[in-house]
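Each chain, letter by letter, is given below.
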Protein chains: 2
Amino acid sequence: MEEKRYRLVQNFLKLQIQKGNFVVGSYLPSENELCTMFGVTRTTVRKGLDELTREGFIDRQHGKGSIVRDRRKSLGLLNVKGFSEAVGKDLSTVFVQHPKISLWNPDTHFAISEQEFKEKCIHFSRLRCVYEVPVMIEYNWFADNRLEGFSDIDFIEGSFFKTLSQHYHIEITGSEHELRSERVSNDIAALLKIPQGSPILHISVKFHTSKNNFFLYSELYCTTENYPIGSSYHL
Amino acid sequence: MEEKRYRLVQNFLKLQIQKGNFVVGSYLPSENELCTMFGVTRTTVRKGLDELTREGFIDRQHGKGSIVRDRRKSLGLLNVKGFSEAVGKDLSTVFVQHPKISLWNPDTHFAISEQEFKEKCIHFSRLRCVYEVPVMIEYNWFADNRLEGFSDIDFIEGSFFKTLSQHYHIEITGSEHELRSERVSNDIAALLKIPQGSPILHISVKFHTSKNNFFLYSELYCTTENYPIGSSYHL
DNA sequence: TATTTTTACTTGTACGTACAAGATTAAATA
DNA sequence: TATTTAATCTTGTACGTACAAGTAAAAATA
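Residues numbered from 1 in each chain as written. Chains lettered and ligands numbered in written order. Predicted model: local features only at pLDDT ≥ 70, side-chain atom pairs only at ≥ 80, totals over all residues. Heavy atoms only, no water.

**Some thoughts on the packing of helix H2 (residues 31-38) of chain A against helix H3 (residues 42-54) of chain A**
All names here are of chain A.
So, point 1. At their nearest, the axes of H2 and H3 sit 9 Å apart, and the two run at 110 degrees to each other. In this view, H2 runs roughly perpendicular relative to H3, as classed from their interaxial angle. Residue-level inspection shows Glu31, Asn32, Leu34 and Cys35 of H2 in contact with H3, the latter providing Arg42, Val45, Arg46 and Leu49.
So, point 2. Classifying every residue of the contact of H2 with H3 gives four nonpolar, one polar and three charged. (Axes fitted to C-alpha atoms, helices over the stretch in contact; angles between N-to-C directions. Helix = DSSP H or I, 4+ residues; strand = E, 2+ residues; numbered from the N terminus. Parallel < 35°, antiparallel > 145°, perpendicular 65-115°, else oblique. Contact = heavy atoms within 4.5 Å. Nonpolar A, V, L, I, M, F, W, Y, C, P; charged D, E, K, R; others polar.)

**Digging into the domain arrangement of chain A**
All names here are of chain A.
So, point 1. The domains assigned to chain A are domain 1 (5-73) and domain 2 (75-228).
So, point 2. Taking only C-alpha atoms, the centre of domain 1 and the centre of domain 2 are 30 Å apart.
So, point 3. Tallying the contact residues gives seven residues for domain 1 and twelve residues for domain 2.
So, point 4. Applying the counting criterion to the domain 1 and domain 2 interface returns one salt bridge.
So, point 5. When the shortest N-O distance is used, the salt bridge between Arg71 and Glu171 registers 3.2 Å.
So, point 6. There are three residue pairs in polar contact (both at pLDDT 80 or more) connecting domain 1 and domain 2.
So, point 7. Tallied by class, residues from the side of domain 1 that touches domain 2 come to two nonpolar, one polar and four charged. (Domains from an automatic or database assignment. Salt bridge = Lys/Arg side-chain N within 4 Å of Asp/Glu carboxyl O. Polar contact = N/O pair within 3.5 Å; in protein donor to acceptor, adjacent residues only side chain to side chain.)

**A few points about the sheet that holds strand S7 (residues 172-183) of chain A**
So, point 1. Read from one edge to the other, the open sheet built from eight strands follows the order S4(A)-S5(A)-S6(A)-S9(A)-S8(A)-S7(A)-S10(B)-S3(B), with strand pairing classed as antiparallel. Among the strands making up the open sheet, the edge pair consists of strand S4 (91-102) of chain A together with strand S3 (79-80) of chain B.
So, point 2. By the bridge criterion, two bridges tie S3 of chain B to strand S10 (residues 229-234) of chain B in an arrangement that is antiparallel. Residue Val80 of chain B lies in a different strand from S10 of chain B, and its bridge partner there is Ile229 of chain B.
So, point 3. Sitting on the sheet, helix H5 (residues 160-168) of chain A touches strand S5 (121-130), strand S6 (133-143), S7, strand S8 (199-209) and strand S9 (215-222) of chain A, and the angle it makes with S9 of chain A is about 165 degrees. (Pairing = 2+ DSSP bridges.)

**A few points about the protein's contact with DNA strand C**
So, point 1. By nearness alone, 21 residues border DNA strand C, and Arg42 and Arg46 of chain A together with Arg5, Thr41 and Thr44 of chain B come closest of all.
So, point 2. Each atom of DNA strand C within 4 Å of the protein belongs either to a base or to sugar and phosphate, the latter forming 72%.
So, point 3. Interatomic distance of 3.1 Å between a side-chain N/O atom of Ser30 of chain A and a phosphate oxygen of DNA strand C.
So, point 4. Gly63 of chain B places a main-chain nitrogen or oxygen 3.0 Å from a base nitrogen of DNA strand C.
So, point 5. Counting residues per element, the ones that place at least two in the surface near DNA strand C are H3 and strand S1 (58-61) of chain A together with helix H1 (5-18) and helix H3 (42-54) of chain B.
So, point 6. Residue contributions to the surface near DNA strand C peak at three residues, all from H3 of chain B. (Near = heavy atom within 4 Å.)

And the structure:
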């Protein structure tokens with residue numbers, strides 16, 4: 001049961017991207033260079049690059065090369081709209097609860113597997129602000145004993161996903177969402193500094209990852225009055 | 001400037017699927033059969049099939065063949081949750097406004113191009129019900145003179161997308177969403193039979209299509225109390 | 001010098017071949 | 001007859017070759 005050759009190319013390049021050895025915007029070695037590096041033909045190298053393209057890691061440019069993408073932008077994830085993509089300084093994040101061992105969310109909307117329920121759980125929650133004004137609170141749960149020494153690690157550029165990728169080489173492979181419009185609870189109204197009973201967007205998310213049976217569960221509460229939540233999907 | 005050969009294979013098969021000559025769940029001709037049909041090698045046929053897979057039209061099954069998928073399920077479109085996928089009889093749809101020439105939506109959230117604005121616009125709106133109880137109202141706009149004789153055609157199985165695909169061979173290639181939680185307006189509250197001022201999920205959508213510069217604009221208002229809106233995305 | 005042409009590099013398309021591996025049916029065997 | 005084996009489909013991987021087409025820099029030309 002040998003590994004397929006195009007997987008070797010694919011996984012090698014993926015790891016280099018995850019570790020930051022190939023940064024976003026830079027070009028990968030040319031197909032011919034990869035051929036000699038791995039001792040395979042262009043057919044095989046191209047198959048590996050095709051897979052990386054499908055996974056959103058790279059873009060191919062005819063006549064130029066394969067360029068490393070910001071994968072988050074290719075995933076169709078939710079984002080706060082009305083905000084320039086580039087600047088992160090206007091969007092600040094405050095930990096309401098730092099990562100710690102906790103109980104599983106009792107009223108999660110996505111079914112947690114028995115296996116997960118037996119394990120301990122890490123929970124953290126964060127308040128997302130735009131110009132110091134809270135716009136979203138985010139509660140996150142995931143199975144412990146899957147990420148070694150997680151709580152000690154500072155988030156890379158404040159991004160949970162980036163930390164998962166660069167430290168653990170775990171990528172988001174898909175997600176399920178449930179959208180609800182509700183009256184805000186008093187607790188959350190206080191945190192978000194909005195009037196009690198205001199309408200609020202409640203999003204339940206189950207993220208699927210490249211690590212087997214490892215999922216991330218989130219409950220998001222968003223005040224969408226000034227900054228709606230955006231998402232996009234393209235073939 | 002000849003068309004690429006793998007595109008011939010791809011587009012031929014796509015058209016057959018769109019026209020219903022290959023129904024969902026059936027198998028396409030084998031790769032070798034396609035080779036003789038088009039007088040090309042397997043490399044070329046496989047490239048065409050790869051593209052169809054990427055577009056969500058087929059699934060490949062090792063040792064068996066390529067099976068036709070229900071593309072809507074592969075698109076990550078929004079759907080009413082808590083509902084078995086198969087049965088459509090519990091979900092009824094009522095036209096509030098049949099398709100007719102109309103003005104463009106004055107307060108759309110997505111910018112309409114000048115080109116579109118010059119053209120006339122077709123508008124229709126529908127009320128979606130679960131067990132006769134309204135759960136969503138949907139307003140749709142798109143440029144006229146792009147779909148010949150649209151208003152006369154009955155929707156195939158009540159589906160706008162299916163009609164676009166089978167009659168016009170136009171497919172959805174992507175979408176942009178904006179999500180808001182609002183207090184319901186009095187008009188919509190009456191239509192949905194909910195109390196005035198209830199929280200409601202407002203979704204603005206811009207669909208991208210395979211037809212150049214042809215977009216679909218929708219505004220959805222959903223009561224999510226009993227049936228949340230679901231969406232999913234997988235690599 | 002400024003422009004055009006050539007050259008060299010890149011990825012894209014397409015050919016052909018061979019064998020591996022999964023799925024299914026037919027034939028051989030217990 | 002029931003089970004096992006073999007044959008024969010299918011798609012998957014991988015080899016090698018050739019040329020088209022896009023890009024960019026070097027060389028030739030005005």
